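Secondary and tertiary structure notes
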Amino acid sequence: MAKATSWSWKAAHASNVAKFPRKRDARNGRRGRVVVRAEKDYYQILGVSRSADKRELKKAYRQLARKYHPDVNKEPDAEERFKDISNAYEVLSDENKRAIYDQFGEAGLKGGMGGMGGMGGMGASNPFDLFESFFGGMGGMGGMGGMGGARARNRPVQGDDQRFDIQLDFLQAVFGCEQEIEVSRLETCATCDGSGVKAGTTPTTCTTCGGSGQVITTARTPLGNFQQISTCGTCGGTGQISQPCEACGGDGRVRRTKRISLRVPPGVDNGSRLRVRSEGNAGLRGGPMGDLYVFISVKSDSELIREGNNIRSSVQVSYVDAILGTTVKVRTVDGEVDLKIPSGTQPGTTLLMSKRGVPRLGNPTLRGDHLVSVKVEIPQKLSKEEKKLVEELKQLKEKKPAGRFF
């Protein structure tokens, strides 16, 4: 059997020719043939062989329906593919429809084969109800007037996630902090307890759809009867009519502001995202709350530059200190620290201060390093005494054998 995800869309829609015997032509006595052009190859759409059993059909449908569901796949033709996949599965999974399709092609299902007009009632079901019957645990396979579609639409739905942006100071991001944030979110309505129904009233079954949430219209054509399923406009697909709660307008949720104590761990950086579970928007019809995602930006520091878990800075010393060596004060994330400048330090030398960097996110006992770049200041003008001393040093160096001066 071919893999369910490797079928060719163009090939599945190529015109295939099905031929079968016909009664003898009374005028010329010769046996003729009717040629039917099938617009779509259902087996090729699902990527299965013509001998595929129900288990193989279900497996192929599950894989393809997930891949091309329009809520997941944003390609322009994803919804059309999704509908064709559902239609192909509905036909091939039904033994009677499959037998008609194998013999007469798609036209046989539409009632275009003369005496097969009675098959026109086998119109395609709602593809989304079929999907819900597989993955939502609700509804029947057909969705043809049953309660499955309405139950699926009335089931609890998880609330949406919420985003909150926060800016931290440089050292707050390095060592972590506690922050009080105030978020606006949807919370369950206390008046109706999230049902959206006015207190003291109960929902009634929609008389338009009979509680199914769907209405079916039938059209008679020369090719047979065609049925079209659509969402009930009276109840909006819920199958029930109710008086909306005055506090929330029937949504079951109201917008409120809440203060949340946020613990920021050490080591966060620009673009870090913190997840606070169940602090997002309330769900519909008693569904669980979404999560709150806090996105972090960090203010820059005038002296310290962060590179991952390491810190970089620079220090400036005189050429005399660079020659003789010295000790300078360097600002770090831990405060001022003494740094020894070895004698003979060259301009641009980088000195390392171990474990003076940023704690590792998730493991604050491990820290990066602080790297200090040494800038040597060369004076543009010298006093007479300074110039005299430098010239004496030059003469002394010229007398010394080739090699190190110090």
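Remember, predicted model here, so these are calculated numbers, not experimental data.

Concerning the overall build of the protein
When helices and strands are tallied, the protein shows 11 helices and 19 strands. Within the protein, counting contacts between residues at least 6 apart in sequence, those at least 24 apart form 63% of the total. Approximately 24200 Å² of the protein is accessible, and the part contributed by carbon and sulfur atoms is 48%.

Here's the deal with the confidence of the model for the protein
Keep in mind that low pLDDT regions are not for reading the predicted coordinates in detail. The pLDDT averaged across the protein works out to 82; a share of 79% of its residues lies at or above 70. Confidence drops under a pLDDT of 50 for residues 14-38, and excluding neighbours within four residues, the segment shows 33 contacts in the predicted structure.

A word on the packing of helix α4 (residues 78-92) against helix α5 (residues 95-104)
Where α4 meets α5, the closest approach of the two axes is 6 Å, and the angle between their N-to-C directions is 100 degrees. The angle between α4 and α5 places the two elements in the roughly perpendicular class. The residues of α5 that touch α4, namely those facing Glu90, Val91 and Leu92, are Lys97, Arg98 and Tyr101.

Side note on unusual backbone geometry
A positive phi angle, close to 55 degrees, is found at arginine 285, a residue other than glycine. Secondary-structure assignment places arginine 285 in the loop between β10 (273-276) and β11 (292-298). Here the phi dihedral of lysine 355 falls at roughly 55 degrees; this positive angle occurs in a residue that is not glycine. Classification of lysine 355 by relative accessible area gives exposed; the value is 60%.

Regarding the pattern of salt bridges
Pairs can form between side chains of opposite charge whenever their charged atoms are close. Counted by the stated rule, this structure contains 21 salt bridges. The partner of glutamate 279 in a salt bridge is lysine 258, and the shortest N-O contact between them spans 3.2 Å. Of the two residues, glutamate 279 is situated in the loop between β10 and β11 and lysine 258 in strand β9 (residues 253-264); the sequence distance between them amounts to 21 residues. A salt bridge links lysine 329 to aspartate 338; the shortest N-O distance between them is 2.9 Å. With a relative accessible area of 48%, aspartate 338 lands in the partly exposed category. Salt bridges sharing partners connect three or more residues here, namely Arg185, Glu187, Arg256, Lys258 and Glu279.

Cut-offs and rules
- Residues numbered from 1 in each chain as written.
- Predicted model: local features only at pLDDT ≥ 70, side-chain atom pairs only at ≥ 80, totals over all residues.
- Heavy atoms only, no water.
- Helix = DSSP H or I, 4+ residues; strand = E, 2+ residues; numbered from the N terminus.
- Contact = heavy atoms within 4.5 Å.
- Areas by Shrake-Rupley, 256 points an atom, 1.4 Å probe, with all protein chains shown as cover.
- pLDDT = per-residue confidence, 0-100.
- Axes fitted to C-alpha atoms, helices over the stretch in contact; angles between N-to-C directions.
- Parallel < 35°, antiparallel > 145°, perpendicular 65-115°, else oblique.
- Buried < 20%, exposed > 50% of the residue type's maximum accessible area, 1.4 Å probe, protein only.
- Salt bridge = Lys/Arg side-chain N within 4 Å of Asp/Glu carboxyl O.

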